Amino acid sequence: MSSTEGAPQDVIPAQLLKGQKALVTGANSGIGRATAIALGRAGADVVVNYVAGREEADKVVEEITSHGVRAMAHEADVSDEGQVVAMMDHMVQEFGTIDVLVANAGMQRDSAFTDMSLAQWQKVLDVNLTGQFLCAREATKEFLRRGVVPEVSRSAGKIICMSSVHQIIPWAGHVNYAASKGGVQMMMETLAQELAPKRIRVNAVAPGAIKTPINTSAWETAEARKDLLRLIPYDRIGDPEDIANAVVALASDLMDYVVGTTLYVDGGMTLFPGFATGG
Ligand code: BGC
């Protein structure tokens, strides 16, 4: 638990994902890190993908293996096709298959619109959207090859796309990021429609403001925190474990009939809190 008011992880049933193999991209920090650990707690073997930060990735691996499951770190840039293919090959070689993909790796490169360079636009689209496309495609090939193994899960595979409240909330100064997450929503829904007949479940989790390195400036000073809390009816900033718990639930057979849905985990940020008193 990363704060006294955060989401507990000790309530995760240790058998929930027993025998399943999970890949979490961008798992060396923030939401990815908490998610990889939570999947391990739930009994899954986990590949901890990272692009930079081997030491942090190794620490995540250590924490996961302390729960009696297997874990390994794998460096790959999710926007590089060759590296994604190699990562999936490595995972299948080591763990035999993949049951759960958490396409989490993401970044911000913020800028006022007219100052935004093509490189800033492109990088965010490459990592946040193309990266999810590549990882989902390679995972799906393996899901289809293997099919359903009833002792492991009712579905042939689960893809959980890490989106954001900004898949529906426009965000000035962040057009690249908001466009990438809007793209994630439609990609996720289209894949869900296309793959459901193959017993593959594709869903998304859309976090609100979660305390991670991506948005430190939004919560590190008392003033910033006050401004931020105005946007959150539930009146607390989220912890990475809040998202991790939602991912574990979505990945499990408890949610076997949930297909093509975005689960907003945002303390009510998408409820138009400005209208609580106005309008
Ligand atoms: C962004 C954060 C932001 C949050 C709420 C997330 O998707 O990455 O920087 O604080 O949305 O606006």
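Use the structure listed above.
(A) Representation of the side chain of Asp256 in the model. With respect to the helices and strands, the residue Asp256 is situated in the loop between helix H7 (240-251) and strand E7 (262-265). When residues no more than four places from it in sequence are discounted, the contact partners of Asp256 are Arg154, Ser155 and Arg201.

(B) Spotlight on the side chain of Arg146. Mapped onto the elements, Arg146 comes out in helix H4 (residues 118-146). What Arg146 contacts, discounting residues up to four positions off in sequence, is Thr97, Ile98, Asp99, Ala156 and Gly157.

(C) Region of the structure containing the site of the ligand. Near the ligand, the surroundings consist of Gln108, Ser164, His166, Trp171, Tyr177, Gly208, Ala209, Ile214, Asn215 and Met269. Contact distances for the ligand include 2.7 Å between an oxygen atom and a side-chain N or O atom of Ser164. Asn215 is positioned with one of its side-chain polar atoms (N or O) 3.2 Å from an oxygen atom of the ligand. Within the complex, the protein chains bury 91% of what would otherwise be the 310 Å² of accessible surface of the ligand.

(D) Broad picture of the state of the cysteines. Throughout the structure, instances matching the rule amount to zero disulfides. Note on Cys135: no disulfide assigned, nearest cysteine sulfur contributed by Cys161 at a separation of 10 Å.

(E) Here's a closer look at helix H3 (residues 81-95). Under the 1.5 Å per step criterion, the end-to-end length of H3 is 21 Å for 15 residues, consistent within 8% with the ideal 21 Å. Buried residues of H3: Val84, Met87, Met88, Met91 and Phe95, and no others. Buried positions in H3, seen along its axis, are confined to an arc of 95 degrees and lie on one side of it. Opposite the buried face of H3, by more than 90 degrees, sit the exposed residues Asp89 and Gln93. Contact partners of the buried residues in H3: strand E1 (21-24), strand E2 (45-50), strand E3 (71-75) and H4. Two to three positions downstream of the cap, the backbone nitrogen of Gly82 sits 3.0 Å from a side-chain oxygen, assigning the N-cap of H3 to Asp80. Within two residues after H3, Gly96 carries a phi angle of roughly 95 degrees, on the positive side.

(F) Here's a closer look at the pairing of E1. Here E1 shows no split at all, with Lys21 and Leu23 on one side and Ala22 and Val24 on the other all buried. Relative to E2, E1 is paired through four bridges, and the arrangement is parallel. Paired with Val24 across the bridge in E2 is Val48. This β-α-β element, E1 to helix H1 (residues 30-41) to E2, shows right-handed connectivity. Relative to strand E4 (residues 100-103), E1 runs parallel, the two sharing three bridges. Paired with Ala22 across the bridge in E4 is Val100.

(G) Expanded view of the pairing of strand E6 (residues 200-207). Buried residues dominate E6, accounting for eight of its eight residues. Neither face of E6 is left uncovered, since the one carrying Ile200, Val202, Ala204 and Ala206 and the one carrying Arg201, Asn203, Val205 and Pro207 both have all their residues buried. Running through helix H5 (residues 175-195), the crossover from strand E5 (residues 157-162) to the neighbouring parallel element E6 is right-handed. Pairing of E6 with E7 involves four bridges; the strand directions are parallel. The residue of E7 that forms the bridge with Pro207 is Val265.

(H) Geometry of the environment of Arg199. Relative to the assigned elements, Arg199 resides in the loop between H5 and E6. For the pair formed by Arg199 and Arg154, sequence separation is 45 residues and the distance between their alpha carbons is 8.1 Å. Engagement of the side chain of Arg199 in a polar contact is seen with the backbone oxygen of Arg154, the distance being 3.5 Å.

(I) Region of interest: the packing of H1 against helix H2 (residues 54-65). One can describe the packing of H1 onto H2 by two numbers: an axis separation of 8 Å at closest approach and a directional angle of 20 degrees. What the angle tells us is that H1 and H2 run roughly parallel. The handedness of the crossing between H1 and H2 comes out as right-handed. For the pair formed by H1 and H2, the contact residues are Arg33, Ala36, Ile37 and Gly40 on the first element and Val60, Glu63 and Ile64 on the second. Among the residues making up the contact of H1 with H2, the classes are represented as four nonpolar, one polar and two charged.

(J) Just the pattern of salt bridges, in detail. Throughout the structure, instances matching the rule amount to 14 salt bridges. Arg137 is paired through a salt bridge with Glu81; the nearest N and O atoms lie 2.8 Å apart. Taken together, the residues Arg137 in helix H4 and Glu81 in helix H3 connect sequence positions 56 residues apart. On the basis of relative accessibility, which here comes to 43%, the residue Glu81 falls in the partly exposed class. A salt bridge links Asp99 to Arg146; the nearest nitrogen and oxygen atoms lie 3.7 Å apart. Separated by 47 residues along the polypeptide, Asp99 in the loop between H3 and E4 and Arg146 in helix H4 bring together distant segments of the chain. Salt bridges linked by common partners bring Glu81, Arg137, Glu138 and Lys141 together as one network.

The rules behind each value
Residues numbered from 1 in each chain as written. Predicted model: local features only at pLDDT ≥ 70, side-chain atom pairs only at ≥ 80, totals over all residues. Heavy atoms only, no water. Helix = DSSP H or I, 4+ residues; strand = E, 2+ residues; numbered from the N terminus. Contact = heavy atoms within 4.5 Å. Near = heavy atom within 4 Å. Polar contact = N/O pair within 3.5 Å; in protein donor to acceptor, adjacent residues only side chain to side chain. Areas by Shrake-Rupley, 256 points an atom, 1.4 Å probe, with all protein chains shown as cover. Disulfide = S-S within 2.5 Å. Expected span 1.5 Å × (residues − 1). Buried < 20%, exposed > 50% of the residue type's maximum accessible area, 1.4 Å probe, protein only. Arc of directions from axis to C-beta. Pairing = 2+ DSSP bridges. Right-handed = clockwise from strand over helix to strand, strands pointing away. Axes fitted to C-alpha atoms, helices over the stretch in contact; angles between N-to-C directions. Parallel < 35°, antiparallel > 145°, perpendicular 65-115°, else oblique. Left-handed = near helix turned anticlockwise from the far one by under 90°. Nonpolar A, V, L, I, M, F, W, Y, C, P; charged D, E, K, R; others polar. Salt bridge = Lys/Arg side-chain N within 4 Å of Asp/Glu carboxyl O.

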